[in-house]
Amino acid sequence: MDDIQLIDKKGKRKDSRGPEDLRPIKIEAGVLDNADGSAYIEWGKNKIIVGVYGPREMHQKHLQRPDKAIVQVSYSMASFSVDERKKPGQGRREHEISKIIAEALERSIISDQYPRTSIDVYIEVLEASAGTRCAGVTAASVAIADAGIPMIGMVASCAAGKINGQVVLDLDKLEDNIGDADLPVGYIPKTEEVVLLQMDGHFTPEEFDKAFVLARGACIQIQELQKEALVKKYSQEPEENGTDDNGENKDDMAEGGVLQ
Ligand code: UDP
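Note that this is a predicted model, so its numbers are computed, not measured.

## Some words on the overall build of the protein
- The secondary structure content of the protein amounts to four helices and eleven strands.
- What you see for the protein is a C-alpha radius of gyration of 19 Å, in line with the 18 Å of a compact globule of 260 residues.
- Counting only C-alpha atoms, the protein reaches 55 × 50 × 40 Å along its principal axes.
- Within the span of the protein, comprising 260 residues, buried residues form 50% of the whole.
- Of the accessible surface of the protein, which amounts to about 13100 Å², a share of 48% is contributed by carbon and sulfur atoms.
- Across the protein, 32 positive and 46 negative side-chain charges occur, with their mean positions spaced 5 Å apart.

Shown next as structure tokens:
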């Protein structure tokens, strides 16, 4: 749609970002006591919490793999997460997103150490504003690391897209709704492996290359925030978690894992 101007002549977008700017991102590791690993991410107006359980015995025996753990992902969006109430339960979209995230995460985990087990990843979207699959997989990878599950490297994810014929990074909700194309990328910087790649809309081959390079560069930047979130959690003494010297809650997200 070229009739609605999403980017002005100076390259400023509606939320005053430049074409290659990310929305603000905050990541916090270890936010749930009852999960083996967990993470919370705020990315623009997205708010997502992830809990990881396992590796634990795979109860459905026919799904067990004798040589490795399997990764099961449940991505779900709360009914109240979007302006127009979403029907509860998992529809086709949630199943598709769960599947592609499971495939991406599976590539990052050293799963042959845990035969016949399951690693269960619950991604709960509390507020959604475009790019939830990228934010979800990014937080899930932090939660898996927080669970102490060995990985070849964490997956970071980000999308690039096209608005008013111009390639830009990290579409927000309005841009996603009326923009021309969207390209979510999941990337393991350590191995330089692309583990998630989807495309919605149309890019020319040149635009595709530009969008891909932009998204991959952002993944490298986001990986630093993932690491900072883990360093922040694991450099704290247990009694320090969540409290300051006076025993009062402190703003955990004010330091590590923040891009503003
Ligand atoms: N969305 C919505 N209702 C739905 C599904 C999606 O309002 O039932 C919104 C939500 O803000 C979501 C955005 O549309 O983030 C884009 O959805 P998409 O399927 O492209 O996935 P995402 O970009 O979140 O990975």
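## A few points about the nonpolar core
- The biggest cluster of nonpolar side chains holds 65 residues, and the ones touching the most others in it are Leu105 and Val121.
- Ranked by residues supplied to this core, first place goes to helix α4 (residues 205-234) with ten residues.
- Contacts of Leu105, omitting those with residues within four sequence positions, involve Val71, Val73, Val121, Val137, Ala140, Ser141, Ile144 and Val155.
- Core analysis: the second largest hydrophobic core is formed by six residues, Leu6, Ile7, Val168 and Leu171 among them.

## Let's talk about the packing of helix α2 (residues 132-146) against α4
- Running from N to C, α2 and α4 point in directions that differ by 35°, and their axes come no closer than 10 Å. Here α2 and α4 pass one another in a crossing that is right-handed. Between α2 and α4, the residues in contact are Thr138, Ser141, Val142, Ala145 and Asp146 and Ile222, Gln226, Leu230, Lys233 and Tyr234, respectively.
- Across the contact of α2 with α4, the residue classes break down as five nonpolar, three polar and two charged.

## What about the site of the ligand?
- The local shell around the ligand consists of Met77, Val82, Lys86, Arg93, Ala128, Ser129, Ala130, Gly131, Thr132, Arg133, Lys173 and Asp176.
- Contacts to the ligand include Thr132, whose side-chain N or O atom sits 2.5 Å from an oxygen atom.
- Taken together, the elements giving at least two residues each to the shell around the ligand come down to α2 and α3 (173-178).
- Of the residues assigned to the shell around the ligand, the class counts are four nonpolar, three polar and five charged.

## Here we look at the packing of aromatic side chains
- Under the definition given, this model contains two aromatic pairs.
- On the numbers, 6.4 Å between centres and 5° between planes, the contact of Phe208 with Phe212 is stacked. Taken as a pair, Phe208 and Phe212 lie in helix α4 at a separation of four residues, close to a single helical turn.
- On the basis of relative accessible area, Phe212 is assigned to the buried category, the value being 16%.

## Some thoughts on the sheet that holds strand β11 (residues 258-259)
- Taken together, the six strands give an open sheet; going across it, the order is β4-β5-β3-β2-β1-β11, and neighbouring strands pair in mixed fashion. The sheet is open, and its two edges are formed by β4 (70-77) and β11, each paired on a single side.
- Relative to β11, strand β1 (residues 25-29) is paired through two bridges, and the arrangement is antiparallel. By the bridge assignment for β11, Ile25 is matched with Leu259.
- With respect to the sheet, α2 is in contact with β1, β2 (37-43), β3 (46-57), β4 and β5 (117-127), its orientation differing from that of β2 by roughly 150°.
- Across the sheet, α4 is in contact with β1, β2 and β11; its angle to β1 comes to roughly 35°.

## Structural notes on the side chain of Ser118
- Relative to the assigned elements, Ser118 resides in strand β5.
- Among the polar contacts listed, one links the side chain of Ser118 to the side chain of Asp120, at a separation of 2.5 Å.
- Discounting residues that sit within four places of it in the chain, Ser118 has contacts with Tyr53, Gly54, Pro55, Arg56, Met58, Ile70 and Gln72.

## Describing helix α1 (residues 92-108)
- A rise of 1.5 Å per residue sets the reference length of α1, with its 17 residues, at 24 Å; its end C-alpha atoms lie 25 Å apart and thus fit the reference within 8%.
- In this structure, the buried side of α1 is in contact with β4, β5, α2, β8 (181-188) and β9 (193-197).

## Notes on the packing of α1 against α2
- Axis separation between α1 and α2 bottoms out at 10 Å; the angle between their running directions is 45°. By the criterion of interaxial angle, the relationship of α1 to α2 is oblique. Of the two elements, α1 crosses α2, and the hand of that crossing is right-handed. Of the residues in α2, those in contact with Arg93, Glu96, Ile97, Ile100, Ile101, Ala104 and Leu105 of α1 are Thr132, Arg133, Val137, Ala140, Ser141 and Ile144.

What counts, and at which threshold
- Residues numbered from 1 in each chain as written.
- Predicted model: local features only at pLDDT ≥ 70, side-chain atom pairs only at ≥ 80, totals over all residues.
- Heavy atoms only, no water.
- Helix = DSSP H or I, 4+ residues; strand = E, 2+ residues; numbered from the N terminus.
- Rg over C-alpha atoms; globule rule 2.2 N^0.38 Å.
- Buried < 20%, exposed > 50% of the residue type's maximum accessible area, 1.4 Å probe, protein only.
- Areas by Shrake-Rupley, 256 points an atom, 1.4 Å probe, with all protein chains shown as cover.
- Lys, Arg positive; Asp, Glu negative; His and termini not counted.
- Charge placed at Lys NZ, Arg CZ, Asp CG, Glu CD.
- Core = buried A, V, L, I, M, F, W, Y, C linked by side-chain atoms within 4.5 Å.
- Contact = heavy atoms within 4.5 Å.
- Axes fitted to C-alpha atoms, helices over the stretch in contact; angles between N-to-C directions.
- Left-handed = near helix turned anticlockwise from the far one by under 90°.
- Nonpolar A, V, L, I, M, F, W, Y, C, P; charged D, E, K, R; others polar.
- Near = heavy atom within 4 Å.
- Polar contact = N/O pair within 3.5 Å; in protein donor to acceptor, adjacent residues only side chain to side chain.
- Phe/Tyr/Trp six-rings, centres within 6.5 Å; stacked < 30°, edge-to-face > 60°.
- Pairing = 2+ DSSP bridges.
- Expected span 1.5 Å × (residues − 1).
- Parallel < 35°, antiparallel > 145°, perpendicular 65-115°, else oblique.

Function cannot be read off these values alone, since they describe shape.
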